[in-house]
Amino acid sequence: MHRGGLLKSWASHIRQNKKDLATLMTYECGKPLPESLGEVEYGASFLDFYASECLRPNGLGGGTIIPTPFVKPPSVKNTRGTVMTYNEAVGVCGFITPWNFPLAMITRKVGPAIAAGCTSLVKPSELTPLTAMALEVLARRAGVPEGVFNVLTLGEEDTRRFGEVICTDDRVKKISFTGSTRVGKILLKQCAEGGIVKKASMELGGNAPFVVFSDADIDVAVKAAMASKFRNAGQTCVCSDRFLIHEDVEEEFLEKLVGEVKKIKVGDGMVAGVTMGPLISTKAREGVEEKVKEAVANGAEVLVGGERHEFGEQYYMPTVLKGVIKEDNIFKTETFGPVVASMTFSSDDEALDIIKSSSKTGLASYYCTQSADRMFNFSRRLEHGMVGVNEGIISSVVAPFGGVGESGIGREGNSSGMREYLEEKYVFVNHN
Ligand SMILES: NC(=O)c1ccc[n+]([C@@H]2O[C@H](COP(=O)([O-])OP(=O)(O)OC[C@H]3O[C@@H](n4cnc5c(N)ncnc54)[C@H](O)[C@@H]3O)[C@@H](O)[C@H]2O)c1
Ligand SMILES: O=C[C@H](O)CS(=O)(=O)O
């Protein structure tokens, strides 16, 4: 079976075990079962997509024949030769993935890696090892040969050692990391200090701005805000964190948003109807709590929520803050929790100044407007890898997912994601 067939078979085995995989994920990281079921399908979609990419010209073996650029003098019978390129697999890859999407963050890497002809060593988060192990079992059932996709479930000390090895061992030709900017910098430093230049993809932290312009359709804006803020209890890299609302529409937007936030049902992710689960740990909940308290101390107003949820140690109430300042940690650092931190602005330039001066991240950004000019031109002024205009859910297999600045290097998904695992070779043949 060729690599594309293996990937399709693996995707089929994943879908056949969708309920068990989703249950495992909800037990491991707490997200409501419907979100886990959605992630199973999202994760499988990367295997399907890259199964097809195997066969495309920009896939493995794809290449081009290029007319030589040299001018052929009349006396010379043939051109000087033929120029051609072809793609080759990078080789052995080292992957490290996070807990918040324990299945899709693995298949988003391993899918294109296998399609390109690479093998991989994958270290999942110590918080979600079982999902990764289940993926490996299903890969073997699907016919993926032993040694092609290898999961290593490691503790803290061995995790650090694993990171050092994939960064400094020259048998590992590529590293791809998804996780915090803090750890991403450790890995890049280890490559450099290990004296090796290595192909590296970094999918790092976010802190997305969400801008509501005065001409926005407020109902559209509220829907987009709810979708981009509260998925996985606000624990996704592309969650909106920094809300900038034009002063003319602050009251209407916040009133409608609070109305929707109050409909969120917090509880056990395995219980039907629950739409928001816990944070990943008590420490994470305490971190969100501290940031909210600081913002309130600096003058922010709690419109809803604002404290831990009675359901349990790891639970925090979905919260909307008004009148946050850009110096607040809840505004200038990734929240990774269910909190809307909002402030007002009066002009496009002011909004951009706040966005650029409050964070160096550049993953996702969102804005709502009905102006055609702004729809197409404001995005050009944002230093982000991805932009949602009147839309809060922009992640998909066809999206070249990734960020700039402190949010990372490279792209995953889309045909772009295939290039991370290929090296293009140029050959000039002089056949005179
Ligand atoms: N850009 C993206 O596509 C994307 C996707 C998901 C999550 N994230 C980011 O990931 C973060 C949340 O995930 P997390 O808490 O698992 O992140 P994290 O950085 O704490 O951990 C990520 C992975 O790195 C490992 N790790 C930790 N320290 C290490 C070290 N010194 N050497 C080697 N590996 C080490 C962990 O065990 C885990 O497997 C957030 O910042 C979020 O924005 C980004
Ligand atoms: O946490 C960010 C992941 O990339 C999740 S998603 O791709 O936005 O679904």
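All of these numbers come straight from a predicted model, not from anything done at the bench. (Residues numbered from 1 in each chain as written. Chains lettered and ligands numbered in written order. Predicted model: local features only at pLDDT ≥ 70, side-chain atom pairs only at ≥ 80, totals over all residues. Heavy atoms only, no water.)

Asks: Before we go on, may I ask you to explain the site of ligand 2 in this structure?
Replies: Around ligand 2 sit Tyr42, Asn100, Phe101, Met105, Arg108, Arg231, Thr236, Cys237, Val238, Ser395 and Phe401, and those are all the residues in its vicinity. Residue Arg231 places a side-chain N or O atom 2.9 Å away from an oxygen atom belonging to ligand 2. Starting from 280 Å² of accessible surface for ligand 2 in isolation, the protein chains cover 98%. Taken together, domain 1 (2-61 + 88-204 + 407-427) and domain 2 (208-389) each give at least three residues to the shell around ligand 2, which thus spans both. (Near = heavy atom within 4 Å. Polar contact = N/O pair within 3.5 Å; in protein donor to acceptor, adjacent residues only side chain to side chain. Areas by Shrake-Rupley, 256 points an atom, 1.4 Å probe, with all protein chains shown as cover. Domains from an automatic or database assignment.)

Asks: Is there a simple way to explain the domain arrangement of the protein in this structure?
Replies: A common way to report how large an interface is uses the accessible area buried once the components associate. Looking at the assigned domains, one finds that the protein contains domain 1 (2-61 + 88-204 + 407-427) and domain 2 (208-389). Each partner contributes to the interface: domain 1 provides 18 residues, whereas domain 2 provides 19 residues. Interface area, domain 1 with domain 2, both sides summed: about 1,400 Å², of which 61% is carbon and sulfur. On the domain 1 side of the contact with domain 2, Pro32, Trp99 and Ser407 bury the most area, a combined 33% of that side's loss. On inspection of domain 1 and its partner domain 2, the count reaches zero salt bridges. (Contact = heavy atoms within 4.5 Å. Buried area = accessible area lost by both parts, 1.4 Å probe. Salt bridge = Lys/Arg side-chain N within 4 Å of Asp/Glu carboxyl O.)

Asks: It is not clear to me how the UniProt feature "active site" (unreviewed entry) in the protein should be interpreted in this structure. Could you clarify?
Replies: Per the UniProt entry, the sites bearing "active site" (unreviewed entry) are Glu203 in this numbering. Turning to its location among the elements, Glu203 is positioned in strand S7 (residues 199-203). Given the relative accessible area of 3%, Glu203 is considered buried. The contacts of Glu203, once residues within four sequence positions are left out, are Arg108, Phe177, Thr178, Gly179, Leu363, Phe401, Gly402, Ser407, Gly410, Arg411 and Glu412. (UniProt positions renumbered as here; feature names shortened; annotations may be inferred. Helix = DSSP H or I, 4+ residues; strand = E, 2+ residues; numbered from the N terminus. Buried < 20%, exposed > 50% of the residue type's maximum accessible area, 1.4 Å probe, protein only.)

Asks: How should the site of ligand 1 be read in this particular structure?
Replies: Near ligand 1, the surroundings consist of 28 residues, among which Thr97, Lys123, Glu126, Ser180 and Glu334 are the closest. In this structure, an oxygen atom belonging to ligand 1 sits 2.6 Å away from a side-chain N or O atom of Ser180. Separating an oxygen atom of ligand 1 from a side-chain N or O atom of Glu334 is a distance of 2.6 Å. Breaking the shell around ligand 1 down by element, the ones donating at least two residues are helix H4 (104-116), helix H6 (156-168), strand S6 (172-178) and helix H7 (181-193). Counted by class, the shell around ligand 1 contains 13 nonpolar, nine polar and six charged residues. There are two domains that each give the shell around ligand 1 at least three residues, and those are domain 1 (2-61 + 88-204 + 407-427) and domain 2 (208-389). (Nonpolar A, V, L, I, M, F, W, Y, C, P; charged D, E, K, R; others polar.)

Asks: Is there a simple way to think about unusual backbone geometry in this case?
Replies: The bulk of non-glycine residues show a negative phi, and the bulk of peptide bonds are trans. Positioned with a positive phi, Ala233 is a non-glycine residue whose angle comes to about 60 degrees. Within the secondary structure layout, Ala233 lies in the loop between helix H8 (218-230) and strand S9 (240-246). Its relative accessible area of 2% is what places Ala233 among the buried residues.

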